[in-house]
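# Working through the structure, step by step
As a plain string of letters, each chain reads:
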Amino acid sequence: MLLSDAIKYYKICKQADGYSPETLEVYGWAHIHLLSALGDMRVGEITLQQLRSFMLYMREDYTPNRAG
């Protein structure tokens, strides 16, 4: 399964679980950045090192692009 498909399924599951639109928006933001960082690769090919590197980047190096 491709990462984009897994993300779509995850969103459907969280909507069914009753997550708020605001929470889903935040998750969607994170998913966009994850897809951008890793590309639309197969989920089974994503390594723990890739995920940890992404998380570290988001925590320490990512600069939000805030309008206004």
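Whatever comes next refers back to the structure up there.
Residues numbered from 1 in each chain as written. Predicted model: local features only at pLDDT ≥ 70, side-chain atom pairs only at ≥ 80, totals over all residues. Heavy atoms only, no water.

## Focus: the packing of helix 1 (residues 3-16) against helix 2 (residues 21-38)
Across the interface, helix 1 lies against helix 2 with an axial gap of 11 Å and an inter-helix angle of 170 degrees. It follows from the interaxial angle that helix 1 and helix 2 lie roughly antiparallel. Along the contact surface, helix 1 presents Leu-3, Ser-4, Ile-7, Tyr-10, Lys-11, Lys-14 and Gln-15, while helix 2 presents Leu-24, Tyr-27, His-31, Leu-34, Leu-35 and Leu-38. Residues that form the contact of helix 1 with helix 2 fall into these classes: 8 nonpolar, 3 polar and 2 charged. (Axes fitted to C-alpha atoms, helices over the stretch in contact; angles between N-to-C directions. Helix = DSSP H or I, 4+ residues; strand = E, 2+ residues; numbered from the N terminus. Parallel < 35°, antiparallel > 145°, perpendicular 65-115°, else oblique. Contact = heavy atoms within 4.5 Å. Nonpolar A, V, L, I, M, F, W, Y, C, P; charged D, E, K, R; others polar.)

## Re the pattern of salt bridges
Summed over all chains, the structure comprises 1 salt bridge. The salt bridge involving Asp-17 is made with Lys-14; its shortest N-O contact spans 3.8 Å. With relative accessibility at 52%, the residue Asp-17 sits in the exposed group. The exposure class of Lys-14 is buried, given its relative accessible area of 16%. (Salt bridge = Lys/Arg side-chain N within 4 Å of Asp/Glu carboxyl O. Buried < 20%, exposed > 50% of the residue type's maximum accessible area, 1.4 Å probe, protein only.)

## A look at the nonpolar core
Listed in full, the 8 residues of the largest apolar core are Leu-3, Ile-7, Leu-34, Leu-38, Met-41, Ile-46, Phe-54 and Met-58. Secondary structure elements with two or more residues in this core: helix 1, helix 2 and helix 3 (48-60). Ignoring any residue separated from it by four or fewer positions in sequence, one finds Met-41 in contact with Met-1, Leu-2, Leu-3, Ile-46 and Gln-50. (Core = buried A, V, L, I, M, F, W, Y, C linked by side-chain atoms within 4.5 Å.)

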